[in-house]
Amino acid sequence: MSPAVAKIERQEKPVVAESRPALLLDWYDRHRRRLPWRAAAGERTDPYRVWLSEIMLQQTGVKTVGPYFEKFLARWPDVTALGRASLDDVLRMWAGLGYYSRARNLHACAVTVLRDHAGVFPDTEEGLRQLPGIGPYTAKAIAAIAFDIRTMPVDGNIERVVSRLYAIEEPLPQAKPRIQELAATLLGPSRAGDSAQALMDLGSSICTPKKPACTLCPLNDDCSARLRGDQETFPRKAPKKPGMLRRGAAFIITRGDELLVRTRAEKGLLGGMTEVPVSDWLARQDDKVALEQAPDLNGVARWHRKAGVVTHVFTHFPLELVIYTADVAARTRAPEGMRWVPIATLADEALPNVMRKAIAHGLGE
Ligand code: SF4
């Protein structure tokens, strides 16, 4: 066989599945993303950074998480410092990131690592699973990335890459165990954390939900979905049932330069966060019923209903709030369980986004 023919045969020979881990790592070494929590090549990985970033990245994108991660790290450089912080301070610093149970678990986890593990994260998947807020995915991610344990965490990016690579017809979430199994075959004999991060990066920059850049993909030679030309249709998903719209009212009550707020119950949606008084959130908005739930304040002569509504989408339902405003006399006392806070210091309160929107609408012209 002439050298030219041999060369063509080599080029046309499809990449065998066994070579995927090496191809991935090779691609990762050249194209890895620089992320604030990621150790540079050859540097020691800090489990605290990996854990903090993984908790923040649950349900939140890399762009949003970046500045929060830096802020947390500057204030609490290690898990011992975070374990000694107050929950209120952690919630305040977390405000705006959403899904606040993560912040409470973050704090509880730091306290546990400090108290029960002398400030050192357990270095096994099982040990990590025992900690508050660390589920199967996060335990795998920390184990692989921080301790190089041979395990594959499967996030949304990896789910997409694997479902395309193998053209998995079964819809999510039923396909998860199969995807987990196939994703694990992409681990090489070593560098588990880098293999996982390579797949995450591939999903984020090349195998994107729309218009994947298959020509740049290191696994393109034997990607089933690519060969069929229907990459964008994976992963298959079961149709979603939309959450029912809920409606309610929020009361923006000022006393000069102060605003009336309260703290939500620890358990449940937005637990432990600050809010302005609100009515129940129901399928129908009834002004009369909502006003019956307004805080009892001597001196409120008349509620003013602002034009328009504030909308917010939670994971399970969308919400519409009408806004009532009132300004009360200087000496008016806060009803039980509520407090006046200076409007100028509202940024220090653990206010979820929905409340920020309601306040901005209520205080706006
Ligand atoms: S070839 Fe295309 S669809 Fe297949 S894994 Fe690579 S980027 Fe994704």
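Residues numbered from 1 in each chain as written. Predicted model: local features only at pLDDT ≥ 70, side-chain atom pairs only at ≥ 80, totals over all residues.

As annotated in an unreviewed UniProt entry, the chain carries the name Adenine DNA glycosylase and is attributed to Bradyrhizobium australiense. Quoted verbatim from the Function (unreviewed entry) field of UniProt, the annotation for the chain is "Adenine glycosylase active on G-A mispairs. MutY also corrects error-prone DNA synthesis past GO lesions which are due to the oxidatively damaged form of guanine: 7,8-dihydro-8-oxoguanine (8-oxo-dGTP)." You can read under Catalytic activity (unreviewed entry) in the UniProt record for the chain the words "Hydrolyzes free adenine bases from 7,8-dihydro-8-oxoguanine:adenine mismatched double-stranded DNA, leaving an apurinic site." (UniProt positions renumbered as here; feature names shortened; annotations may be inferred.)

Asker: In this structure, what is going on with the nonpolar core? I would like to understand it.
Answerer: If you look at soluble globular proteins, the nonpolar side chains tend to sit buried side by side. One finds Ile142, Leu199, Ala250, Val276 and Ala358 to be the most contacted residues of the largest nonpolar core, which totals 85 residues. At 8 residues, helix 9 (residues 136–147) tops the list of elements feeding residues into this core. When residues of this core are assigned to domains, at least three map to each of domain 1 (9–233) and domain 2 (246–363). With residues near it in sequence (within four places) discarded, Ala250 still touches Val276, Val278, Leu321, Ile323 and Ala358. (Core = buried A, V, L, I, M, F, W, Y, C linked by C-beta atoms within 7 Å. Buried ≥ 20, exposed ≤ 12 C-beta atoms within 10 Å, placed from the backbone. Helix = DSSP H or I, 4+ residues; strand = E, 2+ residues; numbered from the N terminus. Domains from an automatic or database assignment. Contact = placed C-beta atoms within 7 Å.)

Asker: Would you mind showing me how to read the domain arrangement of the chain here?
Answerer: How big an interface is tends to be reported as the loss of accessible area on association of its parts. Along its sequence, the chain is organised into domain 1 (9–233) and domain 2 (246–363). Taking only C-alpha atoms, the centre of domain 1 and the centre of domain 2 are 38 Å apart. Listed as interface residues are 8 residues of domain 1 and, on the opposing side, 9 residues of domain 2. Counting only elements with at least two residues in the side of domain 1 that touches domain 2, the list comes to helix 6 (87–94) and helix 7 (101–117).

Asker: Which parts of the structure should I look at to understand the packing of helix 3 (residues 47–57) against helix 9?
Answerer: How two helices sit against one another is set out by the angle between their axes and by the gap between those axes. At a minimum axis separation of 10 Å, helix 3 and helix 9 run at an interaxial angle of 145 degrees. Every pair of crossing elements has a handedness; the one defined by helix 3 and helix 9 is right-handed. When helix 3 is examined against helix 9, the residues Pro47, Val50, Trp51, Glu54 and Ile55 are found in contact with a partner set consisting of Thr138, Ala141, Ile142, Ile145 and Ala146. Taken together, the residues of the contact of helix 3 with helix 9 sort by class into 8 nonpolar, 1 polar and 1 charged. (Axes fitted to C-alpha atoms, helices over the stretch in contact; angles between N-to-C directions. Left-handed = near helix turned anticlockwise from the far one by under 90°. Nonpolar A, V, L, I, M, F, W, Y, C, P; charged D, E, K, R; others polar.)

Asker: What is the right way to look at the site of the ligand in this model?
Answerer: Near the ligand lie 14 residues; those nearest to it are Cys207, Cys214, Cys217, Cys223 and Gln231. If you tally residues by element for the shell around the ligand, the top one is helix 10 (residues 156–165), at 3 residues. By residue class, the composition of the shell around the ligand is 10 nonpolar, 2 polar and 2 charged. (Near = placed C-beta within 6 Å.)

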